[in-house]
Structures are given as structure tokens and as C-alpha cells.
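Next come the chains, spelled out residue by residue.
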Amino acid sequence: MSVVLGILLLALSTAFLLWAPRFGGGVGRTIGTASLLTAVGSVVTLGNSLMQFLSWWRRRATPAPAPTSATIGTAKDILAGLVTQQWREETLLRSVSDPEPMPLPWRSTERRELVDHPEIIAKGTVAFPGTDVHIEDLARNFRALRCRRLVLLGGPGTGKTTLAVQLVLELLRTRRPEEHVPVLLSASRWDDRLYPRLQDWLAACLATDYPALRAEDLGPGIPETLVARGEVLPVIDGLDELPEHARAKMLTALNRSLCETDDLILTCRTEQFAESVEQLGDVLKATAVIEPQPMTPRAAADYLEACLPPVPHPAWPRVLDALRSGAAPALAEVSSTSLGLWLIRATYIAPRVDPAPLLELGRGSATELHDHLCDQLIPALVNARPPTDGPAQPFRPRHAWSPEQVGRWLTYLSQQLILREEDPRDMAWWHLARHSPSRPVRLWAGIVIGVVVGAVFALLTGVPLAGAALGLLSALAVVIVTGSWFTESPGHADFRLRGRLAELVPVLRDGVLVGALGALIGWLMAGPMWGTGVGLIAARNVGLLSGIGFVVVLGLIRWVEHPTTSATARSPRSTWQADRRLTVIRVISGLVVGLMGGAIGLEARLSPSVAIGGGLLLGLLFGLLLGSHHAWLAYNLTVPRLATKGRLPLRAMDFLDDAHRLGLLRTEGPYYQFRHIELQQHLARRRHERLQEETRDTAPLP
């Protein structure tokens, strides 16, 4: 696309140059300056494509140095610190172990068809007896395994992910330097078509979620090196969220890729894991498999009683007695899982409301009780956690949303996730740009910018035809260049100078090359037609402005995009802010180049309004369009359209942050996810049922 834009700009610049002699005085000088500015834009755009090609060619021809043991150790320490920071913060928001861990017993599975031979898994007897699991004991038993591989099975809402997070933090807390670094990843992010090798997927996830590993001082290819050397313990959460064929492929890839010293932790629903093992015709090699035992009604009642305030609602003793005695079988079934206990806490204990419906529905169907709790969850959380007026608090939203709004917007997001074939759980703010067709947005953006540019230049120069030409070119540039914006990922900037000044040498070198290219084009455009003197002036102006413009707008932007070891594990908000900062940098850089163009226009005796105003406007457009990260701009072009249709609020990022604080969403690196897949499926199902009812209501009578 950049090559096409560069050719269009070059053609327009040539047309302006041929057109200028027809006008005299100020109009001719204005058209000549427009020719100069479009020539500069063409040179910078074509030079960018040329430098990218040369950079690719140099990387292809030069072998990368091998990392040292010290570098690997440093990278592991950085990764361990980032993972710890990430999941400690998330654990606080998920209220794990508050007020105490749920009394869910875990033990080795009794389904022999799902597990390898015991003597291969551990020396002596297989670990994980059927006792209540303390996380320290689980970590110790895991380290005692022959190959340190573990599968956590269980039904919906049994706390597999919570246990995996706790195990990751405990392994990190007690990690020795020679041990592998646990990293929790969602299985739904794996695309077997894009990453046939599991190692490639793990390395890509590390590079995306932890950009500090791509720091210049660590050397190239650190994520790939850590994975290739087995220094990462992949904790893959939610194998059941993959399609059936992909689950078996992942198990096959694991069996083929795991060496004797490679570790693994995997979570999956029991039935889906059994189906995949049967389809594969084999089990995960040397891997222990544990699953939870149903929580007894008495243990569930004791846990709920411990969560109650000192003076609970008068109906609670009756509810707990019915649960212990078996008089409420549906309540006993729902509360036998960690999800059911959390739903009861969130909807009836935290808001301190009358729990009588638990007693009534508890004698009926467990499905109806579960749906009732899911229906009450959003109103309960929103009403129990009003927005904070002071400093930010972990469990309090920052803005006021009604339960109806929260339910409607989350329902829309749940439906979008189900409709997508890839990443059925991960919600990224830059993915919102894919929730509606981009062509109308790009077309309207091009029209608006084209009209503004054309009108401003027509007013400044008094030449409507020149304004119309520049406006049309601006509109075409926006429509063409923004095509990739809606699929781009966000950028990350680093502004440190120390230890990185040497990286500016290639930037300056490329600027000199682009300046030379600009001087050549300026001479070829003006020299043969106007003589040597005019050709030299054009070569000087185009070359100088092109070289400096390339360095300021493109070279420095690429320089600040490099991550460093001070970078933290990225959160959704931090990636949003980082890409916004890159946009601001590009805008400022473009305005600087625009001022330089205005100075050249003043030298050509243009009026200050034409020179400075036109230069700033084109510089602004230049800064917005160039660069490789425009996710924040695409987000801002898309969200207003979604907001007018009631699908999301205009402050979509604020809403997602508050849904996270309310406990409805969780974060995994730069992604949001529904805290429980069951809630996501419940909301999507409710929306589907409402659409069916509306269809029946509007259907014509027979």
C-alpha cells in the first residue's frame, strides 16, 4: 500500500509542476510549493518501503549471535518477575482465597484410560491423595513427579483455572534459578493452522504478552530461545475451549514436542479430555492427572457460613440447614462446585439480600437455580459495588453504569466471541475494530479528511482546483492506507536514551539515503524542464525535507517502539495507552516536518498563512497516516459507530476496565476474558432466546 501511495503522490507532484507555469505570481508559487510538498511525501513513502526491504535483506543475510547462559538467566528472571506481577494483581481482583480457599478436594483420577502408567509418572506411588489440597502441598507433589507434568480435570466451574493460577504463583514464589518459569496461557489462543508447532505458538505468546523479552540488550530471538531450550513451563488453561479436532492436535503436538526434561500443566473439562484421548488413541506421556471430588453439602454449607457477616439475614440459618440436611437437592448440586459457591456469594451474600429464593429454587431444578444466579449476578455486582469518588480501588468501578447497560453490552460481546472461529474467549480492545465492516468507516473518514484538506487549501491559496486535487488525493490516501489499521495490533514505545544512542546511527544513515533519493527525484522533476539552477534548488529542498522528514516521522518512531527490560507485563489499558502515545508522537513529528515545509514556503515568498497553515495541515495528515501501529485510531473510528447502535458505550475501554473491577471479566496479558465461560455462554444463550421470541412475535399469523 505504501508503494501505491508513493506513486500517486509522485504523479500528483509532477502534475502540479507541469501546471504551475500556467499561473503567474503567488498562485504559481503556491502550486509549485504544493508540488514540492507532495514530492516530499512521495519520497518519504517510497523511501520507507525501500528501507524496510533493505532491513529485511540485511537480517536475512546476517546470522544472529547465540545468547549466552548469563543472558538466558537474566531473561528467565525478567519473565518470572513479570508473570508474578501480572497474576498477583489479577488474583486480588478475582478474590482468590477470600476469606479462605474453597474446600474442594483434589486427587488422582480413577479413570485409568486417561492417565499413563503410574511407574512412569512418579517414583513409588502416584502423588496427590484424596485430601483437601493446600497449594504448598500441590507444588511439592508436582516437583516430586518424574517429569513434572500435570493435568487438572473437572467439570464446569470446579476451579481448574483458579487452582492453576495459585500453582503458578506458588511455583514462582519458591522457584530456584535452574527451574523453568511457569507462564499461564489460554488454549483458545492456539491456531493450529498458523502455528503447527507448539513451540512457535509459545514463543509468539511470550513475545506478545511480555515485550521486555524482545529488548535489544538481551539480543534477538530470546522468546524463541527460552522455548527451544525448555526454560518455560507452559500452563495451558482451557483445552476444552478448542474445537474437537484442535484438542486432539494439541495433545499430539504435546506428545511429540515434550522432551524428558520438559514440564507441563494443562487444564481441561473431564469429558472433553476423555474424548480427545479416545480420538488420539493415547494419553499424555508421563503426566499425572487429578480431578476434584464433589464438595459435600456440609462442607459447602460450612464454607458459606464462614463467608456470612457476623449478623446475617435471618433466612440464612434455614437455607444452610436445608443444604446440610439434603432438603434442597438443587442447591446442593449447584454449591458442589467452586463456580456455584462463588455465584451464591456474589448474588446473595455480598449484597446482603434475602436468600429465601435459594431455599425455594433449591428444591427444584439445578439448571433453573444456576440460570437464576447468572441472571442475578450482574445486577448484584453493579449494585453492591458503586463507583468510587476518591482514589481508584481494586473492587470498585470508576464510572456509573446501570445493570441493564452492563448486561446489554456484555451480552453483545459474548455473542461476538461465539461467532468468531478463532480466540473464542479473548477480548482485545483492538479487536473491536473487527466487529463491524471497516469499509464504510474508512470511506467516511476519507471523505471528511478530503473535504477539510481541500477546503483549507482552497481558502488559503484562492485556487479551488488545487484544493480539490489535494483533497481528492488526501481522501484516496486515507481510504488506501487505513485498510490495514483495523487488523493491526497495538504498539509499545520506550523513551529511554541511556544505552540506546548507538541505535540512532542506522536511523540517520537511512535518512541520508532517503534524502539522496529525494534530491534525485527533485532534480529529475525540475532540472530537465527549468534548467540547472531551478533543478538544484528543487533537489536541495526535496532532498533536505525528505531526509529530515524520514528521520523525524519514521526513524524516530521505530526507535522508540523497541521494548526494554524495564517494560512490564502488558495489561489491556497499558497497551491502549501505549498505542495512543505512539499516535501523539507521530502527530507531533508530522507537525515538525510541516513547519519545515512551511519555512521552505516562506523562502519561496508565499504568504505566511499559506506556508505555515498548509505545511501544518499536510504534516498532521502525514504523521497520522505513516507508521505501523494504528490500533488506537481504528478503535476510535469504530467505537462511535458501535455506540450509536447501542452495542457498546462510547467509553468502551472505561466500561471494560470497570467490568474487570466488578469481577465479571478477568485479564490475561493484554486480553480481557469473561471470568467464567459459563457466564459468557449464559448471556449468549439468553440473547439467542430473546431473538427467537422477537422473531415469533413479529411473524405473520397463518
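Within any chain, residue numbers begin from 1 and follow the written order of that chain's sequence. Local features in a predicted model are, by the rule used here, given only for residues with pLDDT of at least 70; side-chain atom pairs are given and counted only at 80 or more, and totals for whole chains, interfaces and linings are based on all residues. Computation of side-chain values: all heavy atoms of the structure, hydrogens and water removed.

Secondary structure is summarised from DSSP: a helix means a run of H or I of at least four residues, a strand means a run of E of at least two, and numbering begins at the N terminus for each. Counting its regular elements, the chain contains 26 helices and nine strands. Partly exposed describes any residue whose relative accessible area lies between the buried limit of under 20% and the exposed limit of over 50%, with all areas from a 1.4 Å probe on protein chains only and scaled to the type maximum. Looking at the chain as a whole, 54% of its 702 residues qualify as buried. Expressed as a percentage of contacts within the chain between residues at least 6 apart in sequence, the contacts between residues at least 24 apart total 79%. Per element, the accessible surface of the chain, about 31000 Å² overall, is 60% carbon and sulfur. Here, residues are in contact when the closest pair of their heavy atoms is within 4.5 Å. In this description, accessible areas are obtained by the Shrake-Rupley approach with a 1.4 Å probe, and a residue is regarded as covered only by the protein chains that are shown.

This part takes up the nonpolar core. A general trend in soluble globular proteins is that nonpolar side chains are found buried together. Formed by 154 residues in total, the largest nonpolar core has its most connected members in Leu79, Phe273 and Leu410. If sequence neighbours within four positions are ignored, leucine 410 has contacts with Ile378, Phe655, Leu664, Leu665, Phe674 and Leu683. Put simply, buried Ala, Val, Leu, Ile, Met, Phe, Trp, Tyr and Cys residues joined by side-chain atoms within 4.5 Å make one nonpolar core. Membership of the second largest hydrophobic core comes to five residues, among which are Val453, Phe457, Leu470 and Leu617.

A word on the pattern of salt bridges. Any two side chains of opposite charge can pair, on the condition that their charged atoms come close. Salt-bridge detection follows one rule: a side-chain nitrogen of Lys or Arg within 4 Å of a carboxyl oxygen of Asp or Glu. Using the criterion set out here, one finds 25 salt bridges in the structure. A salt bridge links aspartate 200 to arginine 197, with the shortest nitrogen-to-oxygen separation between them at 2.8 Å. As a salt-bridge pair, arginine 247 and glutamate 275 come within 3.3 Å of each other at their nearest N and O atoms. Placement of the pair is arginine 247 in helix H9 (residues 244-257) and glutamate 275 in helix H10 (residues 270-280), with a sequence separation of 28 residues.

Moving on, we get to the packing of helix H11 (residues 297-307) against helix H14 (residues 338-349). Angles shown run from 0 to 180 degrees and are taken between the N-to-C directions of axes, each axis being a line fitted to C-alpha atoms and, for helices, limited to the stretch in contact. At a minimum axis distance of 11 Å, the contact between H11 and H14 shows a crossing angle of 35°. The way H11 lies across H14 gives a crossing that is right-handed. Contacts between H11 and H14 involve Ala300, Tyr303, Leu304 and Cys307 from the former and Leu341, Ile344, Arg345 and Ile349 from the latter. Gly is placed with the polar residues, together with every amino acid not listed as nonpolar (Ala, Val, Leu, Ile, Met, Phe, Trp, Tyr, Cys and Pro) or charged (Asp, Glu, Lys and Arg). Grouping the constituent residues of the contact of H11 with H14 by class yields seven nonpolar, no polar and one charged. Crossings are classed by handedness, with left-handed meaning an anticlockwise turn of the near helix from the far one by less than a right angle and right-handed meaning a clockwise turn.

Right, let's get into the packing of aromatic side chains. Between 30 and 60 degrees the pair is tilted, below 30 it is stacked and above 60 it is edge-to-face, where a pair is any two Phe, Tyr or Trp rings, Trp via its six-membered ring, whose centres lie within 6.5 Å. All chains considered together, the criterion is met by eight aromatic pairs. With 5.9 Å between their ring centres and 90° between their planes, tryptophan 429 and tyrosine 635 make a pair best called edge-to-face. Linking tryptophan 429 in the loop between helix H17 (403-419) and helix H18 (438-461) with tyrosine 635 in helix H24 (residues 631-644), this pair joins segments that are 206 residues apart in sequence. Ring pairing ties together the aromatic residues Trp429, Trp430, Trp576, Trp632, Tyr635 and Tyr671, which thus form one cluster. Two conditions define a charge located above a ring, namely a distance within 6 Å from the ring centre to NZ of Lys or CZ of Arg, and an angle within 35 degrees of the ring normal. A cation sits over an aromatic face here: arginine 573 above tryptophan 576, 5.1 Å from the ring centre.

On to the side chain of threonine 583, then. Along the chain, threonine 583 falls in helix H22 (residues 572-603). Each residue touching threonine 583, except ones within four places of it in the same chain, is listed here: Leu624, Trp632 and Leu633.

The next point concerns the environment of glutamine 86. Considering the arrangement of structural elements, one finds glutamine 86 in helix H3 (residues 69-94). Its relative accessible area of 12% is what places glutamine 86 among the buried residues. In this structure the C-alpha to C-alpha distance between glutamine 86 and serine 571, which are 485 residues apart in sequence, comes to 8.2 Å.

Before going further, it helps to spend a moment on the environment of tryptophan 576. Tracing the sequence through the fold places tryptophan 576 in helix H22. Linking tryptophan 576 and glycine 491, residues 85 residues apart in sequence, is a C-alpha distance of 8.7 Å. Leaving out residues up to four positions away in the same chain, tryptophan 576 has contacts with Trp429, Trp632, Tyr635 and Met653.

Here we come to the pairing of strand S7 (residues 288-292). Burial of S7 is extensive: five of the five residues sit out of reach of the surface. A two-sided burial pattern is seen for S7, the buried positions comprising Ala288, Ile290 and Pro292 on one face and Val289 and Glu291 on the other. Taken together, the three bridges between strand S1 (residues 105-108) and S7 define a ladder with antiparallel strand orientation. Bridge pairing in S7 places tryptophan 106 opposite proline 292. One requirement defines pairing of two strands: DSSP has to find at least two bridges between them. Alignment of strand S3 (residues 149-154) against S7, held across three bridges, turns out to be parallel.

Note on tyrosine 635: relative accessible area 4%, which makes it buried. Placed 204 residues apart in sequence, tyrosine 635 and histidine 431 show a C-alpha to C-alpha distance of 8.3 Å. For tyrosine 635, the residues in contact, after removing those within four places along its chain, are Trp429, Leu432, Trp576, Pro640, Arg651, Ala652 and Met653.

Moving on: a nonpolar patch on the surface. Together, Leu443, Trp444, Ile447 and Val451 line one region of the surface with nonpolar side chains, adding up to about 430 Å² of accessible area. The topology assignment puts valine 451 in helix H18. Classification of valine 451 by relative accessible area gives exposed; the value is 54%. Only residues whose relative accessible area exceeds 30% and that form no salt bridge are eligible for patches; like-charged ones are grouped when within 9 Å, while nonpolar side chains (Val, Leu, Ile, Met, Phe, Trp, Tyr) are grouped when within 5 Å.

The subject of this paragraph is helix H12 (residues 316-325). Among the residues of H12, Trp316, Val319, Leu320, Ala322 and Leu323 are the ones counted as buried. Projected down its long axis, H12 carries its buried residues within an arc of 160°, all on one side. Looking at the buried residues of H12, the elements they touch are H11, helix H13 (329-334), H14 and helix H15 (356-361). Just downstream of H12 lies glycine 326, where phi reads positive at about 90°. Each direction from the helix axis to a C-beta atom contributes to the arc, which is the arc of those directions.

What follows concerns unusual backbone geometry. With a phi angle near 55°, alanine 286 is a residue other than glycine that sits in the positive phi range. Structurally, alanine 286 can be placed in the loop between H10 and S7. Within the chain, arginine 352 stands out as a residue other than glycine whose phi angle is a positive 55°. Within the secondary structure, arginine 352 is located in the loop between H14 and H15. Residue class for arginine 352 comes out exposed when judged on its relative accessible area of 61%.

Detail in the predicted coordinates should be disregarded across regions flagged by low pLDDT. Summarising the model, the chain shows a mean pLDDT of 79, and 74% of its residues fall at 70 or more. The predictor attaches a confidence to each residue, called pLDDT, with possible values from 0 through 100. Segment residues 562-569 is flagged for pLDDT under 50; beyond a separation of four residues in sequence, or across chains, it makes 32 contacts in the model.

Within the sequence span of H10, burial applies to Thr270, Phe273, Ala274, Ser276 and Val277. Down the axis of H10, the buried side of the element spans an arc of 165°, and every buried residue falls inside it. Where H10 is buried, its residues meet S3, H9, strand S6 (264-269) and S7. Of the residues flanking the end of H10, it is glycine 281, one or two places downstream, whose phi is positive at about 80°.

Turning to the packing of helix H5 (residues 135-144) against helix H6 (residues 160-173), a few remarks are in order. It is at 9 Å that the axes of H5 and H6 come closest, and there the two elements cross at 70°. As the angle between them shows, H5 and H6 are arranged roughly perpendicular. For the pair H5 and H6, contact is made by Ile135, Glu136, Leu138, Ala139, Phe142 and Arg143 and by Leu163, Gln166, Leu167, Glu170, Leu171 and Arg173, respectively. Partitioning the contact of H5 with H6 into residue classes produces seven nonpolar, one polar and four charged. Should an angle fall under 35 degrees it is called roughly parallel, over 145 degrees roughly antiparallel, and 65 to 115 degrees roughly perpendicular, with every other angle called oblique.

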